[in-house]
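Results of the structural survey
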Amino acid sequence: MGRVRTSGVVTLREEKYEDEAGNTLVARERAPGVLHFVATGKLTTPMAERIAAFSDARTTPGLASFHDWWRIGAYDSKARYLLTRWAVENLADLQAAHILTRSRLVKMGVSVANISVGGIGRLHEGSESFEQALHAAMSASRRGRLERLSG
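Residues numbered from 1 in each chain as written. Predicted model: local features only at pLDDT ≥ 70, side-chain atom pairs only at ≥ 80, totals over all residues. Heavy atoms only, no water.

1. Notes on the sheet that holds strand β8 (residues 121-124)
Spatially, β3-β4-β5-β6-β7-β8 is the arrangement adopted by the 6 strands of the open sheet, whose pairing is mixed. On the outer flanks of this sheet lie β3 (13-18) and β8, each paired with one strand and no other. Averaged over neighbouring strand pairs, the angle between their axes works out to 15° when direction is ignored. Sheet topology note: the β3/strand β4 (residues 24-31) ladder contains 6 bridges and is antiparallel. Its bridge partner lying in β4, E14 is registered against R28. The strands touched by helix α2 (residues 77-89) within the sheet are β5 (34-43), β6 (63-75) and β7 (94-100), with β6 carrying the most contacts at an inclination of about 170°. Sitting on the sheet, helix α3 (residues 104-116) is in contact with β6, β7 and β8, with an inclination near 140° to β6. (Pairing = 2+ DSSP bridges. Helix = DSSP H or I, 4+ residues; strand = E, 2+ residues; numbered from the N terminus. Axes fitted to C-alpha atoms, helices over the stretch in contact; angles between N-to-C directions. Contact = heavy atoms within 4.5 Å.)

Structure follows, in structure tokens:
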């Protein structure tokens, strides 16, 4: 899928996934180096594999990853392992991983995984701070791109 418009913002690329149980994942490249994932239901291993594959194709120094897991109540332990391993393997390029959640289980899993990745994970318990961080990353990406074009 090419450029799409989501809530007034152009998205460079978007992929959607839904499994038989109704768990969903939408993966978006919101700006160069800014990835945005929205998941619902249970974070499964196939969903984690899709997040990693989508991220692999777009990894660049300064990558910022945003995970809206507000509607995730549980996850497969292998999914957490895969995403943590991906982050460790790409730590040199990964600037930050922002996670929006209200689930105690997910918060605990993110906190444990954050130890392995040197504390780059940022937990958000409300959408306002998450959206502010997302928009700041998108603006910084565009400014950087404009600076590279004019420099």
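2. Examining the pattern of salt bridges
This model, assessed by the stated rule, comprises 7 salt bridges. In this structure, K42 engages D76 in a salt bridge whose closest nitrogen and oxygen atoms are separated by 3.1 Å. Pair noted here: K42 is in strand β5 and D76 is in the loop between β6 and α2, with a separation of 34 residues, a long-range link. Accessibility expressed as a relative area gives 35% for K42, which makes it partly exposed. For the salt bridge of E89 with R85, the shortest nitrogen-to-oxygen distance reads 3.6 Å. (Salt bridge = Lys/Arg side-chain N within 4 Å of Asp/Glu carboxyl O. Buried < 20%, exposed > 50% of the residue type's maximum accessible area, 1.4 Å probe, protein only.)

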